[in-house]
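Chain by chain, the residues run as shown.
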Amino acid sequence: MIKDWLTNAKYMVVFTGAGMSTESGLPDFRSANTGLWQQKDPSQVASVKALNTNVEEFIEFYRKRVLGVKEFEPHNGHRILAEWENDGRLQSIITQNVDGFHQLAGNRNVAELHGTLQKVHCQSCGTSYSSEEFLGESYHCECSGLLRPSVVLFGEMLPEEPFEIAFNEAIRADLFIVLGSSLSVTPANQFPLIAKENGSKLVIVNQEATPFDSYADLVINNRQIGDVLSEWHRFWTD
Ligand code: APR
């Protein structure tokens, strides 16, 4: 079944969450014990309020995460998705992830719904810098404004362009594959539904169950994404 869907898809779109990068060494948010939100309250470290009233802890939290995306790298699963795009099998990726690993692996059509840790910008003048600037002694812009990661904080407006792109990709998909997301954050979690409602097959690959599993044509739990993608890749390479 899945082999036919993958090899016959005319417009494959992949939707990724933090579970796509745990095999690279980056923690996800909601896995028991290891998830970031099991250790930290997002409102205290990842919100507009935290940026304005708890800046030291905010900076410490995000410096650690920026270091993580510099220290770790895409795994084989990311590289398979890049090969699929190069081969014309995969049309685009919609990602909630901010690690930039899809682009580092070679994917070009990537909609980053929640921004990126690969860049920081000045809270005052908006000037954008590479996130290395955020790791030095000072985390201030030349205009002396505060530098902050170019990710969407809780309580912030969502970037319109990637959501428009994602919406158009979801309605064009005939195969929509979710990889490593608990699908617990709106409005990002609506895209699998939008794809399904517009006639796409919906596949969800996630360690644990998600609230949208009942809408899926296929659910794969309790398997590592890297193993699943390697197995599927062999449909074309063997
Ligand atoms: N293989 C398969 N599934 C995995 C793997 C893996 N190697 N590693 C983790 N998972 C699953 C976990 O079981 C979990 O259900 O990935 C899912 C990740 O879910 P979350 O931690 O909730 O991450 P995500 O869905 O991306 O969160 C969405 O929440 O806090 C915000 O902005 C943040 O973009 C993030 C959004």
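Residue numbers restart at each chain and count upward from 1, following the sequence in its written direction. Given that the model is predicted, a residue must reach a pLDDT of at least 70 before its local features are reported, and side-chain atom pairs must reach 80 or more before they are shown or counted; all residues, however, enter totals for whole chains, interfaces and linings. Hydrogens and water are ignored here; the side-chain numbers use all heavy atoms of the structure.

Caption draft 1: Main features of the sheet that holds strand S6 (residues 147–151). In space, the 3 strands of this open sheet follow the order S5-S4-S6, with antiparallel pairing throughout. Looking at which strands have only one partner, the edges of the open sheet turn out to be strand S5 (128–130) and S6. Geometrically, the sheet is characterised by an average inter-axis angle of 45° between neighbouring strands, direction not taken into account. Only when DSSP finds a minimum of two bridges between them are two strands counted as paired. Starting at the N terminus, helices and strands are each numbered in turn, a helix being any DSSP run of H or I of at least four residues and a strand any DSSP run of E of at least two. The pairing of strand S4 (residues 115–122) with S5 spans 3 bridges and is antiparallel. When the sheet's bridge partners are listed, Lys-119 is paired in S5 with Ser-130. Note on definitions: a residue-residue contact is assigned when non-hydrogen atoms from the two residues lie within 4.5 Å. Under this scheme, a helix contributes an axis fitted over its contacting stretch, all axes are lines through C-alpha atoms, and angles between N-to-C directions fall in the 0 to 180 degree range. Its contacts with the sheet place helix H5 (residues 55–71) against S4, S5 and S6, and it is angled at close to 130° to S4.

Caption draft 2: Region of interest: the sheet that holds strand S3 (residues 110–112). Pairing is parallel in the open sheet, where 6 strands are placed in the order S3-S2-S1-S7-S8-S9. Edge positions in the sheet fall to S3 and strand S9 (218–220), since each of these pairs with one other strand and no more. On average, adjacent strands in this sheet sit at an angle of 15° to one another, irrespective of strand direction. Pairing of strand S7 (residues 175–179) with strand S8 (residues 201–205), which is carried by 5 bridges, proceeds in the parallel orientation. Looking across to S8, one finds that Leu-175 is bridged to Lys-201. Its contacts with the sheet place helix H8 (residues 160–172) against strand S1 (12–16), strand S2 (90–95), S3 and S7, and it is angled at close to 135° to S2.

Caption draft 3: Expanded view of the pairing of S1. Classification of residues uses two cut-offs on accessible area relative to the type maximum, computed with a 1.4 Å probe and protein chains only: under 20% is buried, over 50% is exposed, and between them is partly exposed. S1 sits mainly inside the fold: 5 of its 5 residues count as buried. Residues of S1 alternate between two faces, with Met-12, Val-14 and Thr-16 on one and Val-13 and Phe-15 on the opposite face, all of them buried. In this structure, S1 lies alongside S2, joined through 5 bridges in parallel fashion. In the strand pairing of S2, Val-14 is matched with Ile-93. With 5 bridges joining them, S1 and S7 adopt parallel strand pairing. Residue Met-12 lies in a different strand from S7, and its bridge partner there is Leu-175.

Caption draft 4: Layout of the site of the ligand. Taken together, 23 residues surround the ligand, and among them Phe-29, Arg-30, Trp-37, Ser-181 and Ser-182 come closest. The side chain of Arg-30 places a nitrogen or oxygen atom 2.7 Å from an oxygen atom of the ligand. Each accessible area is a Shrake-Rupley estimate made with a 1.4 Å probe; only the visible protein chains count as cover when residues are assessed. Coverage of the ligand by the protein chains reaches 95% of its 730 Å² of free accessible surface. Residue polarity follows a fixed list, in which Ala, Val, Leu, Ile, Met, Phe, Trp, Tyr, Cys and Pro are nonpolar, Asp, Glu, Lys and Arg are charged, and the others, Gly among them, are polar. Looking at the shell around the ligand, its residues break down into 6 nonpolar, 12 polar and 5 charged. Where each domain begins and ends is defined by an automated method or by a domain database. For the shell around the ligand, the domains that each give at least three residues are domain 1 (1–25 + 74–114 + 158–238) and domain 2 (27–71 + 119–151). Residues are counted as near a molecule or strand when any one of their heavy atoms sits within 4 Å of it. Under the rule applied, a polar contact is a pair of N or O atoms within 3.5 Å (in protein, one hydrogen donor and one hydrogen acceptor; residues adjacent in sequence only if both atoms are side-chain atoms).

Caption draft 5: Highlighting the environment of Cys-122. Along the chain, Cys-122 falls in strand S4. In sequence terms Cys-122 and Arg-148 are 26 residues apart; their C-alpha atoms lie 6.4 Å from each other.

Caption draft 6: Just the domain arrangement of the protein chain, in detail. Assigned domains within the protein chain: domain 1 (1–25 + 74–114 + 158–238) and domain 2 (27–71 + 119–151). Contacts between domain 1 and domain 2 engage 12 residues on the former and 8 residues on the latter. Here the buried area means the combined drop in accessible surface, using a 1.4 Å probe, for two parts upon being joined, counting both sides. Of the roughly 710 Å² buried between domain 1 and domain 2, counting both surfaces, carbon and sulfur atoms make up 63%. Salt bridge, as used here: a side-chain nitrogen of Lys or Arg that lies within 4 Å of a carboxyl oxygen of Asp or Glu. The interface formed by domain 1 and domain 2 holds 0 salt bridges in total. Applying the counting rule to domain 1 against domain 2 returns 1 residue pair in polar contact (both at pLDDT 80 or more). Split by residue class, the side of domain 1 that touches domain 2 holds 4 nonpolar, 6 polar and 2 charged.

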